[in-house]
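These are the residues of each chain, in order.
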Protein chains: 2
Amino acid sequence: MLLSAGCEYAIQALLYLESNEQDELKTVVSIAKETSIPPSFLAKIVQRLVAEDVLVSGKGPGGGVALARPAAEITLLDIVQAIDGLGFKSQCVLGFPDCNDKVPCPVHSYWGELREDIAYMFAAKSLKDFASEITPAVRRRLRTGRNKR
Amino acid sequence: MLLSAGCEYAIQALLYLESNEQDELKTVVSIAKETSIPPSFLAKIVQRLVAEDVLVSGKGPGGGVALARPAAEITLLDIVQAIDGLGFKSQCVLGFPDCNDKVPCPVHSYWGELREDIAYMFAAKSLKDFASEITPAVRRRLRTGRNKR
DNA sequence: CGGAATAAGGACTATTTAATCCGTTTTTAT
DNA sequence: ATAAAAACGGATTAAATAGTCCTTATTCCG
């Protein structure tokens, strides 16, 4: 698994928010319900996303969270960075503690290219890019059951 | 982290064995020492690799383990499969439980390509391919300290 | 045969990650 | 003002992963 559970949830929740943008705040509980993400866990993740300026929030009745900026300006990389950090961009895939460009592990150069591609994809894709793809019907079909982990 | 700790250790240990092939069995303890892998954990991993026919073993004095076949015939994919299984080839990178070719998540196609590339690299690289790269000096420099995790 | 060296295997412990719970604060509406 | 609705934040629990330990089984060597 490349991304942590929390990070996957974060992306799923934000995709949901994007596909439902109505300039209104959505409560964490309602998001959790719609996305089948454990509500109390999602609450923690959302806290993080607010702290990292990916979401904005409001307390009290009518409160909730919303994207902090236009969907086009929130990339997958922003989300990954907020939740998991950027370790995936530097860690050796074989786990050698001191693997780097000067003292590379056997697959360093091969993996380096793939890593670049992955980072590029994350950086290139914003929530906006998925606007058309995540319809309610698709969302339901992507999650007929519970999350497995 | 794409691979589990155990899987990373397995690869490291096998790379070491390959670079030391002398048609003799090496004890798990000596491998652990040379590679700085926790010995009792490595013992478990080695058990698995023996069960999966990646290593052969012999008990008693003079016993130990050795590659079950020529290094050219042991790919990284063999090792990953033995320890972590092939989940990485099918799991949705965004964690959608039911993501597949028919009902794809937003990044399904992009990730699919990268996944293919990763799987291809694992399948294409055998221990033999690293023979020249893992000299004792390099091995030491890849691990000046402990494993970090 | 007896002892030592080694892998095998099972049970256990520790650490990290995932997830829950509950009291506090802020805000809104009545 | 008061009550309710929400996020906030800390403490706790649960589950998965990582790692240890100890006993047993096998094999070799004398």
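Above this note sits the structure.
Before going into details, it helps to say that this report is about the structure given with it.

Conventions and cut-offs
- Residues numbered from 1 in each chain as written.
- Chains lettered and ligands numbered in written order.
- Predicted model: local features only at pLDDT ≥ 70, side-chain atom pairs only at ≥ 80, totals over all residues.
- Heavy atoms only, no water.
- Helix = DSSP H or I, 4+ residues; strand = E, 2+ residues; numbered from the N terminus.
- Contact = heavy atoms within 4.5 Å.
- Phe/Tyr/Trp six-rings, centres within 6.5 Å; stacked < 30°, edge-to-face > 60°.
- Near = heavy atom within 4 Å.
- Polar contact = N/O pair within 3.5 Å; in protein donor to acceptor, adjacent residues only side chain to side chain.
- Nonpolar A, V, L, I, M, F, W, Y, C, P; charged D, E, K, R; others polar.
- Buried < 20%, exposed > 50% of the residue type's maximum accessible area, 1.4 Å probe, protein only.

1. Regarding the overall build of chain A
- A tally of regular secondary structure across chain A gives six helices and two strands.
- The secondary structure elements of chain A, listed N-terminal to C-terminal, are α-α-α-β-β-α-α-α.
- A fraction of 64% describes how many contacts in chain A between residues 6 or more apart in sequence connect residues 24 or more apart.

2. Side note on the packing of aromatic side chains
Residues and elements named next belong to chain B.
- Applying the stated criterion to the full structure yields four aromatic pairs over all chains.
- Here tyrosine 9 and phenylalanine 41 contribute two aromatic rings whose centre-to-centre distance is 5.7 Å and whose plane-to-plane angle is 85 degrees, an arrangement assigned as edge-to-face. With a gap of 32 residues between them, tyrosine 9 in helix H1 (residues 5-18) and phenylalanine 41 in helix H3 (residues 39-51) connect regions that are remote in the sequence.
- Considering the side-chain rings of phenylalanine 88 and phenylalanine 122, the 5.7 Å spacing of their centres and the 75 degrees angle between planes classify their relative orientation as edge-to-face. Residue phenylalanine 88 is located in the loop between helix H4 (76-83) and helix H5 (108-124), and its partner phenylalanine 122 is located in helix H5; the two are separated by 34 residues in the primary sequence.

3. With respect to the protein's contact with DNA strand D
- Taken together, 23 residues sit near DNA strand D, with Val28, Lys44, Gln47 and Ser57 of chain A together with Phe41 of chain B positioned nearest.
- Each atom of DNA strand D within 4 Å of the protein belongs either to a base or to sugar and phosphate, the latter forming 65%.
- Lysine 44 of chain A places a side-chain nitrogen or oxygen 2.5 Å from a base oxygen of DNA strand D.
- One of the side-chain nitrogen or oxygen atoms of serine 40 of chain B is found 3.4 Å away from a phosphate oxygen of DNA strand D.
- Elements that contribute at least two residues to the surface near DNA strand D include exactly helix H3 (39-51) and strand S1 (55-58) of chain A together with H1 and H3 of chain B.
- Looking at the surface near DNA strand D residue by residue, the class counts come to eight nonpolar, nine polar and six charged.

4. Points about the protein's contact with DNA strand C
- Around DNA strand C lies a shell of 24 residues, among which Phe41 and Pro61 of chain A together with Val28, Lys44 and Gln47 of chain B are the nearest.
- Near the protein, within 4 Å, the atoms of DNA strand C are sugar or phosphate in 66% of cases.
- Residue lysine 59 of chain A places a side-chain N or O atom 3.5 Å away from a sugar or linking oxygen belonging to DNA strand C.
- Residue glycine 60 of chain B places a main-chain N or O atom 3.4 Å away from a base oxygen belonging to DNA strand C.
- In the surface near DNA strand C, the residues fall into eight nonpolar, ten polar and six charged.

5. A closer look at the environment of aspartate 129 of chain B
All names here are of chain B.
- Inspection of the secondary structure assignment puts aspartate 129 in the loop between H5 and helix H6 (136-141).
- Its relative accessible area of 36% is what places aspartate 129 among the partly exposed residues.
- Here serine 126 takes part through its backbone nitrogen, which lies 2.9 Å from a polar atom of the side chain of aspartate 129.

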